[in-house]
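Okay, here's what each chain looks like letter by letter:
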Amino acid sequence: MRLTAPFLCLSSLILATLTSASIPSRRGPASPQHVNLWKLEARAKALKAARSTVAAPLLLQDSTTGFTLEPQPDTPKYPEFPDQFFEQPIDHTDPSQGTFKQRYWVNTRHYVPGSGGPVIVLDGGETSGEDRLPFLDTGIVEILTNATGGVGVVLEHRYYGTSVPVPDFSTDNLRWLNNDQAVADSANFMRNVKFEGIGEDLTAPHTPWIYYGGSYAGARAAHMKILHPELVFGAIASSGVTHAALSNWEYYEVIRKAADPECSAHLENAIATVDILLQFPFVKGVVKALFGLHELEHDDDFASVLEGPLGAWQSKNWDPTVGSTSFDELCESLSKPMLDPHTAALPIGHEDRLLTLWDDQKIDFSVLNYAEWIREKTVKPCLELDSTVEECFGTYNATQYIDTSLSQEWRLWQFQVCTEWGYFSTAPPDSNYPRIVSKLLTMDYATKLCRQAYPPGKYFTVPAEPNITVVNALGDFAIAADRLAIIDGEVDPWRPCTPHSEYADDREDTTLQPFKLIPDGVHHYDEYGLRNTDDEPPEIQQIHYEMIEFVREWLKDFKA
């Protein structure tokens, strides 16, 4: 089959357009393009919200904010768990900086008065604590409190949700967003909180506190056990990224190895093909046009857009009501033959699978399918907002990252990445190594947002590279303590940064130091739960049963 020049208008390439488009919301490796996708999704949500309230009356506000819509009554999704607040110092080393209100929620369904606890606290991590309330209702907190007669708590992380101690997210005002301050918040809360409706003292160390976290919060759970063993009786680190790293290229390596082999082969071939063609100036415009990105100036921006769909792997979940099937849908679309259905069974590179772009330049049909996916799922939402692809996906205009208003929530985790955690999205260090992301994803490209978004302030300057030592000094892969459980997923793309990494030594799974790997598990699978646990898949029932058992055994050793 020969594709002529007019084909590049794209209209004759598409067999059919999809009826909907979406952008995955996730916390994958750090990249400027991930911030662009966040901003694009935020704009789409804001437009949808504005349209749904277009008939609402307007109230005149002060000149700094202009007009705003009158607040509408908001029905809480979890009325059983009202917002509560705990006063925290903005700076635990300098009380003169003032205080802020840290938000938390409490589940007392199963608490037995006079039993003395335990308190199961879930660290909210790098998102609004509201996003963690399902775990208080049916997830791991509900499961453990039901089994132990304890009190459940979700504690929102400083700067996230409404636990914001500053008027904006400028470089200077983000200087209190670090590991030390977050650890001090949790310790202060555990020592001094008074739970509404409970007359007795449930503070630590008089009551056993079990500290739980998933992902970044999982690392925080482990760190709390190491730094405050006098307060944290037990801790559970689920998908806890206790190893901080500058490059996180292994994230995509886990996906490449764990995905369906045919899908991985299609992705490898597509990326290798694109990388080769981008080397020729007279060809790169054609390649970008196939993906609907012919107006995107920089090649590394283009390559970074192609990386986007892969993060949907992390959104997989055993519970179909919260998980995403987007990655599997991508794989299915890549293998769909464009004309002859029999070509799908042929090996990649077979001449009957190849489509001619011009002269003797041929590419596998799966590359064109990838291009269609990017156009429909990524580019289309941009164009529907009346934006250009350069406005949506270009990363070289630093002015688009200088807004420090509180609406720019992407600045929070990105700041933590730039200062202490790393995890920058890059290609494998060996250019000949099999890969499903472009070799153009370099460390310089991945880190440039740190320089663009956070100019030096009066009181704080973002370092040239994150100080990952402050994380790794707390135990790294080998982090361990009695009553510290390590639980990870077998095919979690974050596994290389956990104690179950291939770089880490294996260890024994014991009741005192549980070390568990969930078969086929992705990201903190144990954190999710169903109201009727009998409806959970066997492997999830099993891990929940084991968690209940080791927590119960731990509690037998508590002495007030």
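The structure reproduced in this document is the subject of the present report. (Residues numbered from 1 in each chain as written. Predicted model: local features only at pLDDT ≥ 70, side-chain atom pairs only at ≥ 80, totals over all residues. Heavy atoms only, no water.)

**What to know about the packing of helix α7 (residues 261-277) against helix α11 (residues 365-383)**
- Their axes nearest at 9 Å, the elements α7 and α11 cross at an angle of 85 degrees. By the angle between their axes, α7 is roughly perpendicular relative to α11. Together, His 266, Leu 267, Asn 269, Ala 270, Ile 271 and Thr 273 of α7 and Ser 366, Val 367 and Tyr 370 of α11 make up the contact between the two elements.
- Grouping the amino acids of the contact of α7 with α11 by side-chain chemistry returns 5 nonpolar, 4 polar and no charged. (Axes fitted to C-alpha atoms, helices over the stretch in contact; angles between N-to-C directions. Helix = DSSP H or I, 4+ residues; strand = E, 2+ residues; numbered from the N terminus. Parallel < 35°, antiparallel > 145°, perpendicular 65-115°, else oblique. Contact = heavy atoms within 4.5 Å. Nonpolar A, V, L, I, M, F, W, Y, C, P; charged D, E, K, R; others polar.)

**Side note on the state of the cysteines**
- Considering all chains together, one arrives at 3 disulfides under this definition.
- A disulfide bridge connects Cys 263 with Cys 331, and the sulfur atoms are separated by 2.0 Å. Because the torsion about its S-S bond is -70 degrees, the bridge between Cys 263 and Cys 331 counts as left-handed. With Cys 263 in helix α7 and Cys 331 in helix α10 (residues 326-334), the pair connects residues that are 68 residues apart, well separated along the chain.
- Residue classification places Cys 263 among the buried positions, given a relative accessible area of 2%. (Disulfide = S-S within 2.5 Å. Buried < 20%, exposed > 50% of the residue type's maximum accessible area, 1.4 Å probe, protein only.)

**Notes on the environment of Ala 473**
- Looking at the element boundaries, Ala 473 is found in the loop between α15 (469-472) and β13 (484-489).
- Along the sequence, Ala 473 and His 243 sit 230 residues apart, while their C-alpha atoms lie 9.3 Å from each other.

**Let's talk about the packing of helix α13 (residues 410-421) against helix α14 (residues 443-453)**
- Axis separation between α13 and α14 bottoms out at 10 Å; the angle between their running directions is 110 degrees. Regarding the angle of α13 to α14, the classification is roughly perpendicular. In the packing of α13 onto α14, the handedness of the crossing is left-handed. Contacts from Trp 410, Arg 411, Gln 414 and Cys 418 of α13 reach α14 at Leu 449, Cys 450 and Ala 453. (Left-handed = near helix turned anticlockwise from the far one by under 90°.)

**Quick look at the pattern of salt bridges**
- Under the criterion given, the structure shown has 26 salt bridges.
- In this structure, the salt-bridge partner of Glu 87 is Lys 101, at a minimum N-O distance of 3.9 Å. With Glu 87 in strand β3 (residues 84-89) and Lys 101 in strand β4 (residues 99-107), this pair connects stretches of sequence that are 14 residues apart.
- Judged by its relative accessible area of 44%, Glu 87 falls in the partly exposed class.
- The residue Arg 103 makes a salt bridge to Glu 156 at a minimum N-O spacing of 2.7 Å. Of this pair, Arg 103 sits in strand β4 while Glu 156 sits in the loop between β6 (151-155) and α4 (179-192), placing them 53 residues apart in sequence. Comparing Arg 103 with Glu 156, the two get one shared label, buried. (Salt bridge = Lys/Arg side-chain N within 4 Å of Asp/Glu carboxyl O.)

**Overview of the pairing of strand β8 (residues 234-238)**
- Counting buried residues along β8, 5 of its 5 residues qualify, which places the element largely inside the surrounding structure.
- Alternating positions in β8 separate into two faces, Gly 234, Ile 236 and Ser 238 on one and Ala 235 and Ala 237 on the other, with burial throughout.
- Summarising the sheet, strand β7 (residues 209-214) and β8 pair through 5 bridges and their orientation is parallel. Looking at β8, one finds that Gly 213 is bridged to Ala 237.
- Following the backbone out of β7, through helix α5 (residues 216-227) and into the adjacent parallel β8, one traces a crossover that is right-handed.
- Bridge count for β8 against β13 is 4 bridges, and the pairing is parallel. Across the sheet, the residue bridging to Ile 236 is Ala 485, located in β13. (Pairing = 2+ DSSP bridges. Right-handed = clockwise from strand over helix to strand, strands pointing away.)

**Brief notes about helix α16 (residues 538-555)**
- Given a rise of 1.5 Å per residue, 18 residues ought to cover 26 Å, and the 26 Å separating the end C-alpha atoms of α16 matches this to within 8%.
- Three or more residues of α16 are buried, namely Ile 540, Ile 543, His 544, Met 547, Ile 548, Phe 550, Val 551 and Trp 554.
- Check the buried side of α16 and you find it contacts α3 (140-148), β7, β8, β13 and β14 (515-518). (Expected span 1.5 Å × (residues − 1).)

**Focus: the environment of Phe 291**
- Here Phe 291 shows up in the loop between α8 (281-290) and α9 (299-307).
- When its relative accessible area of 0% is taken as the criterion, Phe 291 is described as buried.
- Once residues within four sequence positions are removed from consideration, Phe 291 is found in contact with Val 274, Phe 302, Leu 306, Val 367, Tyr 370, Ala 371, Ile 374, Arg 375 and Val 379.

**Here's the deal with the sheet that holds β3**
- The strand order β3-β4-β6-β5-β7-β8-β13-β14 describes an open sheet built from 8 strands, whose pairing is mixed. Edge positions in the open sheet fall to β3 and β14, since each of these has one partner strand only. Averaged over all neighbouring strand pairs, the angle between strand axes comes to 25 degrees, with direction disregarded.
- With 4 bridges connecting them, strand β5 (residues 119-123) and β7 associate as parallel partners. Bridge pairing in β7 links Val 119 to Trp 209.

**Observations concerning the packing of aromatic side chains**
- Under the definition given, this model contains 25 aromatic pairs.
- Ring geometry for Phe 415 and Phe 460: centres 5.7 Å apart, planes at 50 degrees, overall tilted. With a gap of 45 residues between them, Phe 415 in helix α13 and Phe 460 in the loop between α14 and α15 connect regions that are remote in the sequence.
- Residue classification places Phe 460 among the partly exposed positions, given a relative accessible area of 24%.
- These aromatic residues form a ring-pair network of at least three members: Tyr 216, Tyr 251, Tyr 252, Trp 413, Trp 421, Tyr 423 and Trp 494.
- A cation over an aromatic ring shows up here: Lys 377 above the ring of Trp 373, its NZ or CZ 5.2 Å from the ring centre. (Phe/Tyr/Trp six-rings, centres within 6.5 Å; stacked < 30°, edge-to-face > 60°. Lys NZ or Arg CZ within 6 Å of the ring centre and 35° of its normal.)

Keep in mind these values describe shape, not function.
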